[in-house]
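# Architecture and fold: a report
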Amino acid sequence: MATPLTATAADSVAAPAARHSEAASSTLPMDAVRQVIDACAQNDLACIEKFLQQDAIFACQQDLETGLSPLMAASQAGHLNLVQQLLELGAPWNAIDRQGKCAGNYATDNQHWDVVNLLVDWGTRAELILGELQRSQQRINGTAAVDLTQDSSTKPDYLQQSLHYNADGTALLDADEDAVMMEWERPIMRAHAQVLLGDIVPPRPRRVLNVGFGMGIIDTILQSDFQPTQHYIIEAHPDVYQKMIQDGWDKKQGVTICHGKWQDVLPQLAASKVEFDGIFFDTYAEHAMDMEDFHRQMTDILVKPGGIYSFFNGLAPDNLFFHGVACNVIKLQLDKLGFDTEFLTCQIQVQNINNDKVWQGIRRKYWHNRDVYYLPRVTWNQEFLGRKTKVMQGSSDQDDETMDMEGSEDHSPLKRQRRIE
Ligand SMILES: C[S@@+](CC[C@H](N)C(=O)[O-])C[C@H]1O[C@@H](n2cnc3c(N)ncnc32)[C@H](O)[C@@H]1O
């Protein structure tokens, strides 16, 4: 299943359940909470003020039955200033109701784009701060502020688990019957292969790196459709590696298999000065912070200026709003490293994926009714490279590490969608 729920926004999606129980243990009377929610829907500021003066925690409550919150009600009705005030009072931007909808979903459904913008920006900032907090905590005492091993998407013992295929060979499963990779992703992998190498016309070399072999779908497509000059594959799992050898991948023209974790292999590649025109990242059971680390290290081996990077975009897959925030977060992180990121829209045949047979025997469904896949295409920002060259020549006093994130154009799925509608 590629990077499952890797985005930090996805981590936060888990939090609202806890918020529900916080609300449950609250001593605030539920009819008062409902009055605040109604007042937020009506933008009845006097009534809201009355309750908030009693206890500011009213801003953060949810109706225990429906899960509706004051922020959701205000977002649904499009009351921009009220949404801002509630957020400033601590209303959780990522709480979800009993239908799994967050304030951003309510604003999007009702086309209140100014509210959507505000919530996207707020959520993005919150996720970036949370990520920084986790990083600094990890630097200080070796563990993250939030225990990353508790994240449902990570599996610290994944590399020790035995893998197996399902009966019809359409999915590679781990020991918990979670899908590592599935056949229905083939069209997505084809689109990624096209984005990576499709614009390179020989004799220009096609040097490609794929991180995570899985079922070898993208590697098979790269071989058959693009005949890469050099084709490196990094794969950590011993069972997958064994299958690669069994299937003769080590004997294929131009293929180099690096058996190990990318965390160990990448520094070796950088040290040996290997460079790639295309890099694809699609691992499994790793955390968002791993992906961020990968992005940082990948800058050493992606050809400048023409290299293209892409990754499987399985970020926060079960909620379009969280998905949009997660894409925004990644885009800003990549901006800072000197990249431009665009998300290309690819149509997905959901009727094929929603077929019950596809998910038979698989513990956790990881694609939900969304018929658009936002394929990331990441390229070097030419201005950034120019600045970097000047710095190296000693002719600029600009600090190339601190990029201005504000001015960059936004291509996140939510904002794209907004433009289309
Ligand atoms: C989703 S699959 C990749 C599917 C692949 N894109 C395809 O087309 O079939 C993820 C793969 O990444 C591998 N993997 C997980 N963590 C890794 C790591 N740290 N380094 C290298 N490979 C890793 C897994 O063993 C698995 O084979």
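Residues numbered from 1 in each chain as written. Predicted model: local features only at pLDDT ≥ 70, side-chain atom pairs only at ≥ 80, totals over all residues. Heavy atoms only, no water.

Let us look at the overall build of the protein chain. Counting its regular elements, the protein chain contains 18 helices and 10 strands. Taking all 421 residues of the protein chain together, the buried fraction comes to 53%. Restricting the contact set of the protein chain to residue pairs at least 6 apart, pairs at least 24 apart contribute 72%. Split by element, the accessible area of the protein chain, about 18,900 Å² in all, is 49% carbon and sulfur. (Helix = DSSP H or I, 4+ residues; strand = E, 2+ residues; numbered from the N terminus. Buried < 20%, exposed > 50% of the residue type's maximum accessible area, 1.4 Å probe, protein only. Contact = heavy atoms within 4.5 Å. Areas by Shrake-Rupley, 256 points an atom, 1.4 Å probe, with all protein chains shown as cover.)

Attention now moves to helix 10 (residues 217-226). Counting buried positions along helix 10 gives 7 out of 10 residues, so the element sits mostly inside the fold. Taken residue by residue, helix 10 has Ile-217, Ile-218, Asp-219, Ile-221, Leu-222, Gln-223 and Phe-226 as its buried positions. At the exit of helix 10 stands Gln-227, carrying a positive phi of roughly 35°.

For the rest of this paragraph, the subject is the pattern of salt bridges. Summed over all chains, the structure comprises 20 salt bridges. With its nearest N and O atoms 3.6 Å apart, the salt bridge here joins Glu-292 to Arg-135. Of this pair, Glu-292 sits in helix 13 (residues 288-298) while Arg-135 sits in helix 8 (residues 113-141), and the two are 157 residues apart along the sequence. Using a relative accessible area of 12% as the deciding quantity, one classes Glu-292 as buried. Residue Arg-135 is classed as buried on the basis of its relative accessible area, which comes to 11%. Residues Arg-377 and Glu-342 are paired through a salt bridge, measuring 3.1 Å at the closest nitrogen-oxygen approach. (Salt bridge = Lys/Arg side-chain N within 4 Å of Asp/Glu carboxyl O.)

Before going further, it helps to examine the sheet that holds strand 4 (residues 207-211). One open sheet holds the 7 strands; their spatial order is 6-5-4-7-8-10-9, and the pairing between them is mixed. The two strands at the open ends of the sheet, each matched to only one other strand, are strand 6 (255-259) and strand 9 (339-347). When strand polarity is set aside, the average angle formed by the axes of neighbouring strands in this sheet is 20°. Two elements, strand 9 and strand 10 (residues 372-380), share 9 bridges in a ladder whose sense is antiparallel. Bridge pairing links Glu-342 to Arg-377 in strand 10. In this fold helix 12 (residues 262-271) packs onto strand 4, strand 5 (230-235), strand 6 and strand 7 (278-281), with an angle of close to 145° to the strand it touches most, strand 5. Along the sheet face, helix 14 (residues 320-337) touches strand 8 (308-311), strand 9 and strand 10 and points at about 150° away from the line of strand 9. (Pairing = 2+ DSSP bridges. Axes fitted to C-alpha atoms, helices over the stretch in contact; angles between N-to-C directions.)

For the rest of this paragraph, the subject is the UniProt feature "repeat: ANK" (unreviewed entry) in the protein chain. Cross-referencing UniProt, the feature "repeat: ANK" (unreviewed entry) maps to residues 66-98 in the present numbering. For the annotated span residues 66-98, helix accounts for 52% and strand for 0% of the residues, and the straight-line distance between the end C-alpha atoms is 5 Å. (UniProt positions renumbered as here; feature names shortened; annotations may be inferred.)

Here we take up the environment of Phe-343. Mapping Phe-343 onto the fold places it in strand 9. Overall, the relative accessible area of 0% leaves Phe-343 in the buried class. Between the alpha carbons of Phe-343 and Tyr-374 there is a distance of 5.2 Å; along the sequence they are 31 residues apart.

This part takes up the packing of helix 13 against helix 14. Direction vectors running N to C along helix 13 and helix 14 enclose 25°, while the axes themselves pass 10 Å from each other. As the angle between them shows, helix 13 and helix 14 are arranged roughly parallel. For the pair helix 13 and helix 14, the sense of crossing is right-handed. Between helix 13 and helix 14, the residues in contact are Met-291, Glu-292, His-295 and Arg-296 and Ile-330, Gln-333, Leu-334 and Leu-337, respectively. Among the residues forming the contact of helix 13 with helix 14, the class breakdown is 4 nonpolar, 2 polar and 2 charged. (Parallel < 35°, antiparallel > 145°, perpendicular 65-115°, else oblique. Left-handed = near helix turned anticlockwise from the far one by under 90°. Nonpolar A, V, L, I, M, F, W, Y, C, P; charged D, E, K, R; others polar.)

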